[in-house]
Amino acid sequence: MGGGTRMMIDKRDFISFDHNNGMWFMILSALACLVVRCGTAHHSLYTYGPSLIKSNTICPKEFYKVVFDAGSTGTRVFVFQFRVGKKGTVLKLNKEYYLAVKPGISSFANHITGLSGHINELLEFAETKVPQIYHSSTMLSFKATAGLRLLPEEVADKILDEVRAILKTSSFYIPNMDKVEIMSGGEEGVFGWVSANFLLRKLWKGREEDTAITIDLGGGSVQITYGLPSIIDIESACVQEIGDVYRMHLLKKSFNVFTHSALGNGLKSAFLNIMGGMEEIESVLEDEQETTYLSDLSSPCFVSDFELKWQHGRRLHSISGEAPEVSMLDDCKRRVDNFVRSSNLSKIEIQKEKQDLYLFSYFLDVAHWGQIIPLDVDSLWITPLHYWNAAERYCQEDEFSSDEPFLCMSLLYVHSLLSTGFGVSENTRIYVGSEINGKQLGWTLGLALASFNNQLSYSRLCDPS
């Protein structure tokens with residue numbers, strides 16, 4: 001297994017001893033503060049692994065990480081503040097700050113110059129949250145996700161080149177501009193899994209079956225990730241599973257982690273497919289003018305006299321409702337289920353009775369829209385049946401609202417994705433939320449944690465052929 005392809009984590013991402021940028025003392029101090037001693041485990045909330053700091057080590061009081069999440073519908077920046085615990089025994093996530101702006105950077109394909117204001121607004125926010133004395137030693141990471149994966153390579157590269165040029169003006173530390181890039185779906189899933197299990201204090205128990213399953217529903221893709229029990233035959237798992245299996249080394253712990261990213265099964269992409277459209281690589285435009293493409297779509301998930309112009313990516317669609325053959329609920333459910341069944345999804349079958357499910361991103365938004373979870377509540381334990389019950393209420397012609405035209409489709413899609421797609425039973429308890437213990441749930445924290453220690457690595461175990 002040791003011959004697997006090394007992924008994502010490169011020592012160049014962590015340390016560059018440049019005497020001219022003020023990094024030398026801060027990085028040496030940080031490494032001294034993260035010395036690992038075998039057999040010593042200090043468990044504390046938000047603790048990144050067992051660590052021990054020598055009493056005579058001079059350590060900075062705090063460390064910061066800045067992570068940009070360039071998604072399909074918007075861009076967010078996260079600022080994480082970590083502190084060394086009492087007596088230097090642990091590293092704690094102390095505070096986090098974030099800001100989101102719309103649209104996603106893929107929307108700037110035809111007017112690249114507009115990216116400057118988009119990115120600089122987020123940069124300025126991050127610079128106000130990190131004390132200036134720490135700017136030159138604070139690593140900035142920038143990763144794009146599903147929005148750019150759907151663009152032609154040359155167009156995505158053009159956008160990323162502009163982002164790199166903007167980030168060069170930043171006062172933060174970016175060790176390798178080539179790492180300002182599109183994150184693979186697998187990496188997005190794995191880092192989300194690391195984040196959740198770190199916040200749950202499950203990473204250091206040493207058993208894959210003790211870790212949580214994570215499902216992240218974005219606009220363009222969905223990721224499911226979970227630890228495989230050590231008794232599972234990896235070669236068999238690689239053959240049977242649709243996704244991929246990675247051997248993940250976290251300090252002194254190792255896990256076999258399954259992850260599957262389904263591009264086109266994010267909420268917004270699902271809308272397009274359910275209405276009869278098809279997600280595709282968008283063509284390259286020759287000029288810099290904003291251009292849209294018109295197409296006609298229809299769905300029984302809307303009332304028959306409903307019409308709407310709906311933009312997805314750079315394409316503008318004319319949407320209309322259909323007269324139901326049976327009822328809005330039955331007809332819409334049939335369309336949604338047909339799409340989910342045609343999708344290449346992996347059912348959760350391994351140790352699911354022992355592993356809790358943690359769902360985030362659009363799962364929470366849909367629960368808010370359907371009044372399953374109150375708007376002022378960030379997280380709640382519910383079941384897939386709650387989505388179905390809400391769909392039964394809102395997928396009725398007299399309940400349809402042009403202010404929330406996709407509500408019926410959203411509720412039915414989330415329910416079908418969980419039950420038909422991933423095989424989650426109706427009454428399984430699922431944690432739906434944006435936070436765990438008051439901290440944001442998402443892949444960005446996992447990436448920030450990875451940049452602290454060059455003993456974190458991933459090896460792909462499945463043969464890509």
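Source: prediction; values computed, not measured.

A.B. asks: Go over the pairing of strand E13 (residues 315–321), please, and point to the residues and values.
C.D. replies: Consecutive side chains along a regular strand alternate between the two faces of the sheet. Two elements, strand E12 (residues 307–312) and E13, share six bridges in a ladder whose sense is antiparallel. Bridge assignment links Trp 310 to a residue of E13, and that residue is His 317. The antiparallel hairpin formed by E12 and E13 contains two residues in its connecting segment, where Gly 313 sits at a positive phi of about 65 degrees.

A.B. asks: Kindly report on the packing of helix H2 (residues 115–129) against helix H4 (residues 153–167), identifying the contributing residues and their values.
C.D. replies: In the contact formed by H2 and H4, the axes pass within 10 Å of each other and the chain directions differ by 45 degrees. On the basis of the axis angle, H2 is oblique to H4. Regarding H2 and H4, the two cross each other, and that crossing is right-handed. When H2 is examined against H4, the residues Leu 115, Ser 116, Ile 119, Asn 120 and Leu 123 are found in contact with a partner set consisting of Ile 159, Glu 162, Val 163, Ile 166 and Leu 167.

A.B. asks: Please provide a residue-by-residue account of the nonpolar core, values included.
C.D. replies: Of all hydrophobic cores here, the largest spans 61 residues; its most connected members are Ile 215, Phe 363, Tyr 387, Tyr 413 and Leu 418. Here this core gets nine residues from one element, more than from any other, and that element is helix H11 (residues 407–421). Counting 35 residues, the second-largest nonpolar core is a separate cluster that includes Val 66, Phe 125, Leu 140 and Ile 166.

A.B. asks: How would you summarise the environment of Leu 151 if you had to cite specific residues and measurements?
C.D. replies: Checked against the element boundaries, Leu 151 lands in the loop between helix H3 (146–149) and H4. Residue Leu 151 is classed as buried on the basis of its relative accessible area of 7%. Each C-alpha atom of the pair Leu 151 and Ser 106 lies 7.5 Å from the other, and the pair is 45 residues apart in sequence.

A.B. asks: Tell me about the environment of Ser 320, residues and numbers included.
C.D. replies: As for its placement among the helices and strands, Ser 320 is situated in strand E13. For the pair Ser 320 and Leu 297, spaced 23 residues apart in the sequence, the C-alpha separation amounts to 6.5 Å. Ignoring anything within four residues of it in the chain, the contact list for Ser 320 reads Leu 297, Ser 298, Ser 299, Phe 302, Phe 306 and Glu 307.

A.B. asks: Account for the pattern of salt bridges, naming residues and giving values.
C.D. replies: The final tally for this structure, using the stated rule, is nine salt bridges. Taken together, the shared-partner salt bridges connect Glu 325, Asp 331 and Arg 334 into one network.

A.B. asks: Report on the packing of aromatic side chains, specifying residues and quantitative values.
C.D. replies: A full pass over the atoms with the stated rule returns 19 aromatic pairs. Measuring from centroid to centroid gives 5.5 Å for Trp 310 and Phe 406, while their planes differ by 45 degrees, and the two rings are tilted. Residue Trp 310 is found in strand E12, and its partner Phe 406 is found in the loop between helix H10 (384–394) and H11; the two are separated by 96 residues along the sequence. For Phe 406, a relative accessible area of 12% corresponds to the buried category. Ring geometry for Phe 339 against Tyr 413: centres 6.1 Å apart, planes inclined by 35 degrees, an arrangement best described as tilted.

A.B. asks: Kindly report on a negative patch on the surface, identifying the contributing residues and their values.
C.D. replies: Judged by side-chain charge, Asp 305, Glu 307, Glu 397, Asp 398 and Glu 399 come together as a negatively charged surface patch. Turning to its location among the elements, Asp 398 is positioned in the loop between H10 and H11. By relative accessible area, Asp 398 is classed as exposed at 69%.

A.B. asks: I'd like a description of H10, backed by residues and values.
C.D. replies: In an α-helix there are 3.6 residues to a turn, and that puts residues three or four apart on one side. Of all the positions in H10, only Pro 384, Tyr 387, Trp 388, Ala 390, Ala 391 and Tyr 394 are classed as buried. Projection of H10 onto a plane perpendicular to its axis shows the buried side chains occupying an angular sector of 165 degrees, all on one side. In this fold, the buried residues of H10 make contact with helix H8 (328–342), helix H9 (362–369), strand E15 (379–382), H11 and strand E16 (430–433).

A.B. asks: Report on the confidence of the model for the protein, specifying residues and quantitative values.
C.D. replies: Per-residue pLDDT for the protein has a mean of 80; in total, 73% of the residues score no lower than 70. Within the model, pLDDT remains below 50 along residues 1–58, and this stretch shows 139 contacts once partners closer than five positions in the same chain are excluded. pLDDT under 50 marks residues 283–289. Its contacts with residues more than four places away, or in other chains, come to 16 contacts.

A.B. asks: Describe in detail unusual backbone geometry, supporting the description with residues and values.
C.D. replies: Lys 102 connects to Pro 103 through a cis peptide bond whose omega is 0 degrees. You will see that Ser 361, though not glycine, has its phi angle at about 70 degrees, which is positive. Its location among the elements puts Ser 361 in strand E14 (residues 357–361). With relative accessibility at 32%, the residue Ser 361 sits in the partly exposed group. Its identity as a non-glycine residue notwithstanding, Asn 437 has a phi of 55 degrees, on the positive side. Tracing the chain through its elements places Asn 437 in the loop between strand E17 (435–436) and strand E18 (439–440). Given a relative accessible area of 45%, Asn 437 falls into the partly exposed group.

A.B. asks: So what's going on with the state of the cysteines? Residues and values would help.
C.D. replies: Tallied over the entire structure, the rule returns two disulfides. Here Cys 395 connects covalently by a disulfide to Cys 408, the sulfurs 2.0 Å from one another. Residues Cys 395 and Cys 408 are joined through a disulfide that is right-handed, its torsion about the S-S bond being 110 degrees. Highlighted residues: Cys 395 in the loop between H10 and H11 and Cys 408 in helix H11, separated in sequence by 13 residues. When its relative accessible area of 0% is taken as the criterion, Cys 395 is described as buried. Residue Cys 408 is classed as buried on the basis of its relative accessible area of 3%.

The rules behind the values
Residues numbered from 1 in each chain as written. Predicted model: local features only at pLDDT ≥ 70, side-chain atom pairs only at ≥ 80, totals over all residues. Heavy atoms only, no water. Pairing = 2+ DSSP bridges. Helix = DSSP H or I, 4+ residues; strand = E, 2+ residues; numbered from the N terminus. Axes fitted to C-alpha atoms, helices over the stretch in contact; angles between N-to-C directions. Parallel < 35°, antiparallel > 145°, perpendicular 65-115°, else oblique. Left-handed = near helix turned anticlockwise from the far one by under 90°. Contact = heavy atoms within 4.5 Å. Core = buried A, V, L, I, M, F, W, Y, C linked by side-chain atoms within 4.5 Å. Buried < 20%, exposed > 50% of the residue type's maximum accessible area, 1.4 Å probe, protein only. Salt bridge = Lys/Arg side-chain N within 4 Å of Asp/Glu carboxyl O. Phe/Tyr/Trp six-rings, centres within 6.5 Å; stacked < 30°, edge-to-face > 60°. Patch = residues over 30% accessible without salt bridge, like charges linked within 9 Å, V, L, I, M, F, W, Y side chains within 5 Å. Areas by Shrake-Rupley, 256 points an atom, 1.4 Å probe, with all protein chains shown as cover. Lys, Arg positive; Asp, Glu negative; His and termini not counted. Charge placed at Lys NZ, Arg CZ, Asp CG, Glu CD. Arc of directions from axis to C-beta. pLDDT = per-residue confidence, 0-100. Disulfide = S-S within 2.5 Å.

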